[in-house]
Amino acid sequence: MFSKLSKVSKLRKAAVRLRGACRQDAGMVTSEYAMGIIAAVAFAVVLYKVVSSGQVQAELGAIVKRALSARM
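Computed from a prediction, not measured in an experiment: that's the story for all the values here.

1. Focus on the overall build of the chain
Per the secondary structure count, the chain includes three helices and zero strands. Taken from N to C terminus, the helices and strands of the chain fall in the order α-α-α. Looking at the chain as a whole, 0% of its 72 residues qualify as buried. About 7100 Å² of surface is accessible on the chain, with carbon and sulfur atoms providing 67% of the total.

2. A short note on a nonpolar patch on the surface
Among the surface-exposed residues, F43, V46, L47, V50, V51, L60 and I63 lie close enough to one another that they form a single nonpolar patch of about 620 Å² accessible area. Elements supplying a minimum of two residues to the nonpolar patch: α2 (30–51) and α3 (54–68). With respect to the element layout, I63 can be found in helix α3. On the basis of relative accessibility, which here comes to 44%, the residue I63 falls in the partly exposed class.

3. As for a positive patch on the surface
A cluster of basic side chains, namely K7, K10, K13 and R17, defines a positive patch on the protein surface. In this structure, K7 sits in helix α1 (residues 2–22). Given the relative accessible area of 62%, K7 is considered exposed.

4. Quick look at the confidence of the model for the chain
With 81% of its residues at a pLDDT of 70 or more, the chain shows a mean pLDDT of 82. Mean pLDDT across the elements of the chain bottoms out in α1 (71) and peaks in α2 (92).

Calculation notes
Residues numbered from 1 in each chain as written. Predicted model: local features only at pLDDT ≥ 70, side-chain atom pairs only at ≥ 80, totals over all residues. Heavy atoms only, no water. Helix = DSSP H or I, 4+ residues; strand = E, 2+ residues; numbered from the N terminus. Buried < 20%, exposed > 50% of the residue type's maximum accessible area, 1.4 Å probe, protein only. Areas by Shrake-Rupley, 256 points an atom, 1.4 Å probe, with all protein chains shown as cover. Patch = residues over 30% accessible without salt bridge, like charges linked within 9 Å, V, L, I, M, F, W, Y side chains within 5 Å. Salt bridge = Lys/Arg side-chain N within 4 Å of Asp/Glu carboxyl O. Lys, Arg positive; Asp, Glu negative; His and termini not counted. Charge placed at Lys NZ, Arg CZ, Asp CG, Glu CD. pLDDT = per-residue confidence, 0-100.

Put into structure tokens, the structure is as follows:
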């Protein structure tokens, strides 16, 4: 009887794994898209504020100037 229960248990575990593999979500729901868009916009705003600050613009200008004046 124990071996029969063991076989049923193994079969049930295999069925659960198979069912889980068939139900995997490949995409996002609308609320996840909305949160992703909000996060991306927030990141873009922060990045714009950093890049448009005076100190960063001066550093980027210096980097470009050094790159253009480099000898080849």
